[in-house]
Structures are given as C-alpha cells and as structure tokens.
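Spelled out from the first residue to the last, the chains are:
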Amino acid sequence: MMLDSIEVPVAGQNDSETLAEHVFRRIQAAIVQGEIPPGSKISEPELARTYGISRGPLREAIHRLEGQKLLVRVPHVGARVVSLSHAELIELYEIRESLEGMACRLAAERMSRAEIDELRRVLELHEQDAAFKAGVGYYQQEGDFDFHYRIIQGSGNRTLTQMLCGELYQLVRMYRLQFSTTPNRPHQAFAEHHRILDAIADRDGELAELLMRRHIGASKRNIERHYREALANPSTRGES
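The structure reproduced in this document is the subject of the present report. (Residues numbered from 1 in each chain as written. Predicted model: local features only at pLDDT ≥ 70, side-chain atom pairs only at ≥ 80, totals over all residues. Heavy atoms only, no water.)

What the rule picks out here adds up to one aromatic pair. Across from the ring centre of Phe24, 3.8 Å away, lies the NZ or CZ of Arg64, which sits over that ring. The residue whose ring lies beneath Arg96 is Tyr93, and the NZ or CZ to ring-centre distance is 5.0 Å. (Phe/Tyr/Trp six-rings, centres within 6.5 Å; stacked < 30°, edge-to-face > 60°. Lys NZ or Arg CZ within 6 Å of the ring centre and 35° of its normal.)

The following block contains the structure:
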C-alpha cells in the first residue's frame, strides 16, 4: 500500500465496520496491550456488558481471537487469554528468527524502490515517537506502520505473509509490546532496523537475512534475561 502521508489511525469504529468487527478489534487491542492480562479468564456476560453487545457477535469475536492464538480453550474452564511459558515463547522467537530472516532476504530481492523509500519513512516516524525519544519504549503501531510487517509483505511470499502477518501476528505483537520497554533496548532495536533497511536497499539479501536473524536473536536473549531476573527476584515476576 502506498502512503501519501503517514498518519496514525484513530481508534474507533468507522462507518463500514460492523459492531462485531469493532468489538473484536477492541478486545484484540486490550489483550495485545496487556489491559486484559495473560491468563485472564474470559467472561462472556462481563464482556457483553462492557461492550454493549449481544452474545452472538461476541462469540464470533472470541472465535476469531482464538484463531489468532490470543485466546485458548481450557477444558472445564472456558476461554482464557494466552499465556505462553518461557519455553513456548522461546520457540516462537526461534520461528520468527528463521522465517523473518527468510522474508528479509526475499524483500531485498523483491521490494520496489518506492516500497524501500516508504520503509525508510516508517523508521522516520518511529524516531519521532515520544516514548522512543524518552527511551522508555519502541513505536508499536501495527500493519503498515510496523517495520517487520512491511518487510514480510515486501517478501512477496504469500505463505510467509499468511503465517507472520496473519496467524501469528497479534500473538507476536503482544510479546513484542511486553518486552519493548527494557532499558536501552528501544534504541538498540532502532539502530538494528536501520542496518537491516540499508542491506535491503543495497539488495544484499544474504546480509539482510543475517541482520534480521541477529535482531530477533537479540530480542530472544532479552526475553531470556528477563526470565532469569524474574527467577532471581520473585517479587518482580510478571512485570514487563
């Protein structure tokens, strides 16, 4: 998608959006941003009251959230917000390291010059973010405003795109958000993004893949460090 000007979309229901779609997106955002914490039990009556929606459209939204791996069904309990174990989260990042590395190599071969220019503009937008400037977080808008999303789309591989921008996307975003506030990590990640972009612009697919794998590997090590610190200091467990 070509962007004449990059603007952050305003949250809310647009004219073409159904009530079920609107509620789905609101619950999705609440889960991804941690407003509904991992492991929380999903109460249909409570959500129906909160969002002013009947049970039919709500169940449709819940079913879609299960498809995005954000909700899981627990026998005799019902739906809960996903809460990956340390081992499961590391496995997710191992998948990302491999598949996003491949996507980056393909993007270096296939992205048009206009798409690369737009990717550079996305990074310029990230640099202007107030939280990033303060060193307390990294820009975390989704879709076309997400550096990783744009590269995966630029790979031109529909199967990769379906997996990484569809099935796993919101689950990955949830954990990217959770660990994005680690001290020093936002500026390190931004510098890594710039080096990846330069490799793509130079059409160096081998280097682009290597840099993306290293970038996600650094995020994986950040998660492992977080878990080690949580084990050493039980009072901090559960904090991002």
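Anyway, onward from the coordinates.
Here we come to the side chain of Gln28. Relative to the elements of secondary structure, Gln28 occurs in helix H1 (residues 19-32). At 2.8 Å, the side chain of Gln28 forms a polar contact with the side chain of Gln68. If we skip the residues at most four places from it in the chain, Gln28 touches Leu65, Gln68, Leu70, Glu142 and Gln170. (Helix = DSSP H or I, 4+ residues; strand = E, 2+ residues; numbered from the N terminus. Polar contact = N/O pair within 3.5 Å; in protein donor to acceptor, adjacent residues only side chain to side chain. Contact = heavy atoms within 4.5 Å.)

Okay, the pattern of salt bridges next. Enumeration according to the criterion identifies 14 salt bridges in this entry. Taking the shortest distance from any N to any O, the salt bridge between Glu21 and Arg25 comes out at 2.7 Å. With Glu21 and Arg25 both in helix H1 and four residues apart, the pair spans about one turn of that helix. Among the ionic pairs, Arg96 bridges to Glu100, the shortest N-O distance being 2.7 Å. Note that Arg96 and Glu100 are positioned in helix H4 (residues 86-110) at a spacing of four residues, about one turn of the helix. Glu100 gets classed as buried once you look at its relative accessible area, which sits at 4%. Here the salt bridges share partners, and the residues they tie into one network are Glu21, Arg25 and Arg64. (Salt bridge = Lys/Arg side-chain N within 4 Å of Asp/Glu carboxyl O. Buried < 20%, exposed > 50% of the residue type's maximum accessible area, 1.4 Å probe, protein only.)

In this structure, Ile216 sits in helix H11 (residues 205-232). Expressed as a C-alpha distance, the spacing of Ile216 and Glu97, which sit 119 residues apart in the sequence, is 5.5 Å. Setting aside residues no more than four positions away along its own chain, Ile216 makes contact with Tyr93, Arg96, Glu97, Glu100 and His148.

It is worth spelling out the side chain of Asp146 at this point. Examined against the element boundaries, Asp146 turns out to sit in the loop between helix H6 (130-133) and helix H7 (147-154). Among the polar contacts made by the side chain of Asp146, one reaches the side chain of Tyr169 at a distance of 2.6 Å. Apart from residues no more than four positions distant in its own chain, Asp146 is found in contact with Gln141, Tyr169 and Arg176.

Taking 1.5 Å of rise per residue, 13 residues should cover 18 Å, and helix H3 (residues 55-67) covers 18 Å from first to last C-alpha, within 8% of that figure. Restricting attention to buried positions, one finds in H3 the residues Leu58, Ala61, Ile62 and Leu65. Each buried residue of H3 sits inside an arc of 100° when the element is viewed along its axis, so together they form one side. Summarising the contacts, the buried residues of H3 are in contact with H1, helix H2 (44-51) and strand E1 (71-74). Lys69 sits one or two positions beyond H3 and adopts a positive phi of about 70°. (Expected span 1.5 Å × (residues − 1). Arc of directions from axis to C-beta.)

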